[in-house]
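# Coordinates in review
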Amino acid sequence: MVVNTKIALVTGGSRGLGKNMAIAIAKKGIDVIITYNSKKEEADSVVKEIENLGQKASAIQLNVADSKTFDGFFESVSSALQNTFSTDKFDFLVNNAGIGIHNSFIGTTEAEFDQLTNIQFKGPFFLTQKALNVMNNGGGIINISTGLARFSSPGYAAYASMKGAIETLTKYQAKELGERQIRANVVAPGAIETDFGGGVVRDNEQLNKTLASITALGRVGLPDDIGGVVAFLCTEDARWVNAQRIEVSGGMNL
Ligand SMILES: NC(=O)c1ccc[n+]([C@@H]2O[C@H](COP(=O)([O-])OP(=O)(O)OC[C@H]3O[C@@H](n4cnc5c(N)ncnc54)[C@H](OP(=O)(O)O)[C@@H]3O)[C@@H](O)[C@H]2O)c1
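Summary of the structure given here. Counting restarts for each chain: residues are numbered from 1 in the order of the written sequence. The predicted origin of the model limits local features to residues at a pLDDT of at least 70 and limits the giving and counting of side-chain atom pairs to 80 or more, whereas totals for whole chains, interfaces and linings rest on all residues. Heavy atoms from the whole structure form the basis of all side-chain values; hydrogens and water molecules are not counted.

Below, the discussion takes up the side chain of K163. Helix and strand assignments follow DSSP, with helices taken as H or I runs no shorter than four residues and strands as E runs no shorter than two, numbered in order from the N terminus. Following the sequence through the fold, K163 ends up in helix α5 (residues 157-177). Partly exposed residues are those whose accessible area sits between 20% and 50% of the maximum for their type, while under 20% is buried and over 50% is exposed, using a 1.4 Å probe and protein chains only. Neither His nor the chain ends contribute to the count of charged residues, in which Lys and Arg are positive and Asp and Glu negative. A carboxyl oxygen of Asp or Glu within 4 Å of a side-chain nitrogen of Lys or Arg is what we treat as a salt bridge. No salt bridge is formed by the buried K163; its nearest oppositely charged neighbour, E167, is found at 8.5 Å. Whether two residues touch is decided by their heavy atoms; if any such pair falls within 4.5 Å, the residues are in contact. In contact with K163, other than residues within four places in its own chain, are Q120, I144, S145, T146 and A149.

Let us look at helix α7 (residues 205-213). The set of residues buried in α7 consists of N208, L211 and A212. The arc that holds the buried residues of α7, viewed along the axis, is 100°, so those residues lie on one side. What points out from α7, more than 90 degrees from its buried face, is the exposed set Q206, K209 and S213. Where α7 is buried, its residues contact α6 (196-203). Of the residues that open α7, the one with a side-chain oxygen 3.1 Å from the backbone nitrogen of Q206 is N204. The arc in question is traced by the directions running from the helix axis to the C-beta atoms. Here a polar contact is taken to be a pair of N or O atoms separated by no more than 3.5 Å, where protein atoms must pair a possible hydrogen donor with a possible acceptor and residues adjacent in sequence count only if both atoms sit in side chains.

Ring pairs are drawn from Phe, Tyr and Trp, using the six-membered ring of Trp, whenever the two centres fall within 6.5 Å, and their geometry is named by plane angle: stacked under 30 degrees, edge-to-face over 60, tilted for the rest. Under the definition given, this model contains five aromatic pairs. Both rings, one in F121 and one in F125, keep their centres 6.0 Å apart while their planes meet at 75°; by these two values the pair is edge-to-face. In this pair, F121 and F125 both sit in helix α4 (residues 110-131), four residues apart, roughly one turn of the helix. Under the relative-accessibility criterion, F121 is labelled partly exposed at 21%. Seen in terms of ring centroids, F125 and F126 are 4.8 Å apart; in terms of plane orientation they differ by 50°. Their pairing is tilted. F126 sits in the partly exposed class, given a relative accessible area of 31%. By way of ring pairs, the aromatic residues F121, F125 and F126 are connected into one cluster.

The buried fraction of strand β5 (residues 135-144) amounts to seven of the 10 residues, a majority that puts the element mostly inside the structure. A strand pair is defined by DSSP finding two or more bridges across the two strands. Looking at chain direction, strand β4 (residues 90-95) and β5 are connected through five bridges and run parallel. Across the sheet, the residue bridging to N95 is N143, located in β5. Following the chain from β4 across α4 to the adjacent parallel β5, one finds a crossover that is right-handed. Pairing analysis gives five bridges linking β5 to strand β6 (residues 183-189), with the strands arranged parallel. Bridging across to β6, I141 finds its partner in A184. By convention a crossover is right-handed if, when the strands point away from the viewer, the path from the first strand over the helix to the second runs clockwise.

Right, let's talk about the site of the ligand for a bit. By nearness alone, 31 residues border the ligand, and S14, S38, N96, Y159 and T194 come closest of all. Contact between the ligand and Y159: an oxygen atom at 2.6 Å from a side-chain N or O atom of the residue. Between the ligand and the protein, one listed contact pairs an oxygen atom with a backbone N or O atom of I192 at 2.8 Å. Listed by contribution, the elements that provide at least two residues to the shell around the ligand are α1 (16-27), α4 and α5. Any residue that is not Ala, Val, Leu, Ile, Met, Phe, Trp, Tyr, Cys, Pro, Asp, Glu, Lys or Arg is counted as polar, Gly included; the first ten are nonpolar and the last four charged. For the shell around the ligand, a count of residues per class yields 13 nonpolar, 14 polar and four charged. Residues are labelled near a given molecule or strand when at least one of their non-hydrogen atoms is within 4 Å of it.

Have a look at this one:
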């Protein structure tokens, strides 16, 4: 029996959580397309790492803030599907790419608000809409949110609101795409040591300790704590998991 290898597309796969997700997905025997915004070299080395695991991989440039580029992006995806993966559709979309802007509700500027909207909400909304043309039925969408959409921490009003919006969108996607057997779920990491927000969780010792102290398991998260959960959602074992928000925070702010 010929089993078709599934393919996942992970946005922001060049670094941090997206890189970890892409590699964890490859370890499940799934091929991967990653996107990068500016860090081509990092993306190319993730592709090599995935190929060394025995899976096919490709890296494509994408700025999720600019929805006008999405048609061109999906032309590149179609070429990669044809040339690298010998097929015309992929199965899983992981909306991971993102940035954080730390500012109080009072201090947030319209420019910051618009930038966060474009990257964290408008981008994934329309990227997913267009992705559906090149996705097989029976796959899935995984939207990356944050613990900050459940609890509040001063300085994240705009960022966390966008993540709240994507959590609501996920339920609508699950409802409307069920007829295509496409599942939609949210993975919401807690504070994780990456470059995110200037690398504060990793590099600011005091903040790191404070975050560890409000986490039931007594430390902040590492990228390795996250990728496997996203990879699980791309497997047959997760076939009945739909419209769920899975927080992966070690139990923050319980
Ligand atoms: N780290 C945390 O504590 C944490 C907690 C909860 C949720 N999250 C969420 O997890 C996701 C990944 O965060 P991370 O910690 O891995 O961040 P990161 O280490 O800073 O990596 C960000 C990734 O997103 C890409 N990216 C940034 N802006 C982009 C844009 N305009 N268009 C396309 N790609 C863009 C980057 O591409 P380049 O490398 O090419 O620049 C990179 O691959 C984000 O959605 C974030 O909100 C993070």
